[in-house]
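Inside the fold
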Amino acid sequence: MSGKSDLFTSIIVAGVGIVMICLYQRIELLSWIVMLIGAMFAIPGIFSIIMGMRSKDKGGSGTQTLTGMGATALGAFMILMPESFTGILVFLFAGLLIIGGIYHIVFVAYLSRPFILPGYYYVIPVLMIIAGIVLLTTSVRTLNHVVVLITGISFVAWSISTLMEWIATHPSRTKDDTEAKQIAE
């Protein structure tokens, strides 16, 4: 949690979480997310096919073209039949929450050394793991809006936890770095 990229990632996760909270009652939201991901596969896939065809004319291999075809086909399938992928998306959200919770626990316990962070820094990561487990055990067909709401709240909590950890460890590192430079001089 030392770089600006962690801060930027936290802001993006908070934005996604807020959007999910605001739009949780839209039953088709998970389908729209799947279609957006499908477009993110299809568009680069099309560019990859074009670039592969150009390099093939110059004596290149067909691997890039084949990869582009696969990405385009997967993207098109996700766009045309998003319902097939909504269950997978829920498992992806649950996995993100569980892995994110474990990461934050490890960060608070070990990676933030030499700083010892208070016990309340463990609350949000534990709740993220619990939310991930709840998502794994929830039927996506019957509780679509609940899945989106839980994921949105958890993403916002995740970003708050990241910001708290960043604030707790960042100023001290800057101060320690300044003192180390003064001692070295």
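Residues numbered from 1 in each chain as written. Predicted model: local features only at pLDDT ≥ 70, side-chain atom pairs only at ≥ 80, totals over all residues. Heavy atoms only, no water.

1. Remarks on the overall build of the protein chain
- Helices and strands together make up the secondary structure of the protein chain, namely six helices and zero strands.
- When the helices and strands of the protein chain are listed from N to C terminus, the series reads α-α-α-α-α-α.
- A buried classification covers 35% of the 185 residues belonging to the protein chain.
- For the protein chain, the share of sequence-separated contacts (at least 6 apart) that also reach a separation of at least 24 residues comes to 80%.
- Working note: accessible area of the protein chain is about 11,100 Å², and carbon and sulfur atoms make up 73% of it. (Helix = DSSP H or I, 4+ residues; strand = E, 2+ residues; numbered from the N terminus. Buried < 20%, exposed > 50% of the residue type's maximum accessible area, 1.4 Å probe, protein only. Contact = heavy atoms within 4.5 Å. Areas by Shrake-Rupley, 256 points an atom, 1.4 Å probe, with all protein chains shown as cover.)

2. A look at the environment of Gly-45
- Structurally, the position occupied by Gly-45 is in helix H2 (residues 29–57).
- Along the sequence, Gly-45 and Ala-71 sit 26 residues apart, while their C-alpha atoms lie 4.9 Å from each other.
- Contacts of Gly-45, omitting those with residues within four sequence positions, involve Gly-68, Ala-71 and Thr-72.

3. Things to note about the packing of aromatic side chains
- Within the structure shown, the criterion is met by five aromatic pairs.
- Their ring planes at 80° and their centres at 5.4 Å tell us that Phe-77 and Phe-85 sit as a pair that is edge-to-face.
- Take Phe-85: its relative accessible area is 14%, and that puts it in the buried class.
- Grouped by ring-pair contacts, the aromatic residues Phe-93, Phe-155 and Trp-158 constitute a single cluster. (Phe/Tyr/Trp six-rings, centres within 6.5 Å; stacked < 30°, edge-to-face > 60°.)

4. What to know about the environment of Thr-169
- Assignment of secondary structure puts Thr-169 in helix H6 (residues 144–184).
- Its relative accessible area of 0% is what places Thr-169 among the buried residues.
- Separated by 55 residues in the primary sequence, Thr-169 and Pro-114 place their C-alpha atoms 9.5 Å from one another.

5. Considering helix H3 (residues 63–80)
- The end-to-end C-alpha distance of H3 is 26 Å, a good match for the 26 Å that 18 residues give at a rise of 1.5 Å each.
- Turning to H3, its buried residues are Thr-65, Gly-68, Ala-71, Thr-72, Gly-75 and Met-78. The buried residues of H3 occupy an angular sector of 155° when projected down its axis, which confines them to one face. Opposite its buried face, H3 presents the exposed residues Thr-63, Leu-66 and Leu-80, each directed more than 90 degrees away. (Expected span 1.5 Å × (residues − 1). Arc of directions from axis to C-beta.)

6. Observations regarding a nonpolar patch on the surface
- Residues Tyr-120, Val-123, Val-126, Leu-127, Ile-130 and Val-134 make up a contiguous nonpolar surface patch of roughly 530 Å² in combined accessible area.
- Looking at where Val-134 falls in the secondary structure, it is placed in helix H5 (residues 123–137). (Patch = residues over 30% accessible without salt bridge, like charges linked within 9 Å, V, L, I, M, F, W, Y side chains within 5 Å. Salt bridge = Lys/Arg side-chain N within 4 Å of Asp/Glu carboxyl O.)

7. What about the side chain of Ser-10?
- Along the chain, the position of Ser-10 falls in helix H1 (residues 4–22).
- Judged by relative accessible area, Ser-10 falls into the buried class, the value being 4%.
- Once you skip the residues sitting within four places of it in the chain, Ser-10 turns out to touch Ser-159, Thr-162 and Leu-163.

8. Here we look at the confidence of the model for the protein chain
- In this model, the protein chain carries a mean pLDDT of 81, and residues with pLDDT of at least 70 account for 84%.
- H6 is the least confidently modelled element of the protein chain, averaging 73 in pLDDT, while H3 averages 91, the highest of any element. (pLDDT = per-residue confidence, 0-100.)

9. A closer look at H1
- Counted at 1.5 Å a residue, the expected span for H1 with its 19 residues is 27 Å, and the 27 Å between its end C-alpha atoms agrees.
- Within the sequence span of H1, burial applies to Ser-10, Val-13, Ala-14, Gly-17 and Met-20. One face of H1 carries all of its buried residues, which in axial projection span an arc of 125°. Exposed residues pointing more than 90 degrees away from the buried face of H1 are listed as Lys-4, Phe-8, Ile-11 and Cys-22.

10. Observations concerning the nonpolar core
- Leu-30, Ile-33, Phe-93, Leu-135 and Phe-155 are the most contacted members of the largest nonpolar core, which has 21 residues in total.
- Of all the elements in the fold, those that place two or more residues in this core are H1, H2, helix H4 (83–111), H5 and H6.
- The greatest single-element share of this core, amounting to six residues, is contributed by H4. (Core = buried A, V, L, I, M, F, W, Y, C linked by side-chain atoms within 4.5 Å.)

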